[in-house]
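Commentary on secondary and tertiary structure
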Amino acid sequence: MRIHRGEFDQIRRIVAKSDADQPLTANEILALLEAHGEEFDSAHRVATVLGREAQRDSGVEVVRDQPYRYRFTNC
């Protein structure tokens, strides 16, 4: 499964609109996407996209808690 840059941009755009003031889980992000009419395969896909972007230092930080949470640093 290949990561497309557009998927990250789509996630980041929706999270920025939500004005989230704390890190979100992949399930919470998926719910935001769905609430805005965006289609995404699963919370696992959201986590995969965000995890890979975090490795690239692209403005998302993985908070390694239970469950993992994602903080956007430049929305």
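First, a word on scope: everything that follows refers to the structure included in this document. All figures in this text were calculated on a predicted structure; none of them were measured in a lab.

Quick look at the overall build of the chain now. For the chain, the count of helices and strands is three helices and two strands. Secondary structure of the chain in N-to-C order comes out as α-α-α-β-β. Seen through its C-alpha atoms, the chain measures out along the principal axes to roughly 30 × 30 × 25 Å. Residue pairs in contact within the chain that sit at least 24 positions apart in sequence constitute 49% of those at least 6 positions apart. Total accessible area on the chain is roughly 4,800 Å²; 41% of this is exposed by carbon and sulfur atoms.

So, on to the nonpolar core. Considering soluble globular proteins, one finds that nonpolar side chains tend to be buried as a cluster. Ranked by internal contacts, the top residues of the largest apolar core, which has 18 residues, are Ile11, Ile29, Val46, Leu50 and Phe72. Every element with two or more residues in this core is listed here: helix H1 (5–18), helix H2 (26–35), helix H3 (43–55), strand S1 (60–63) and strand S2 (69–72). Leave out the neighbours within four places in its chain, and Ile29 touches Ile11, Val15, Leu24, Val46, Leu50, Tyr70 and Phe72.

Criteria and cut-off values
- Residues numbered from 1 in each chain as written.
- Predicted model: local features only at pLDDT ≥ 70, side-chain atom pairs only at ≥ 80, totals over all residues.
- Heavy atoms only, no water.
- Helix = DSSP H or I, 4+ residues; strand = E, 2+ residues; numbered from the N terminus.
- Contact = heavy atoms within 4.5 Å.
- Areas by Shrake-Rupley, 256 points an atom, 1.4 Å probe, with all protein chains shown as cover.
- Core = buried A, V, L, I, M, F, W, Y, C linked by side-chain atoms within 4.5 Å.
- Buried < 20%, exposed > 50% of the residue type's maximum accessible area, 1.4 Å probe, protein only.

Read these as geometric descriptors, not functional statements.
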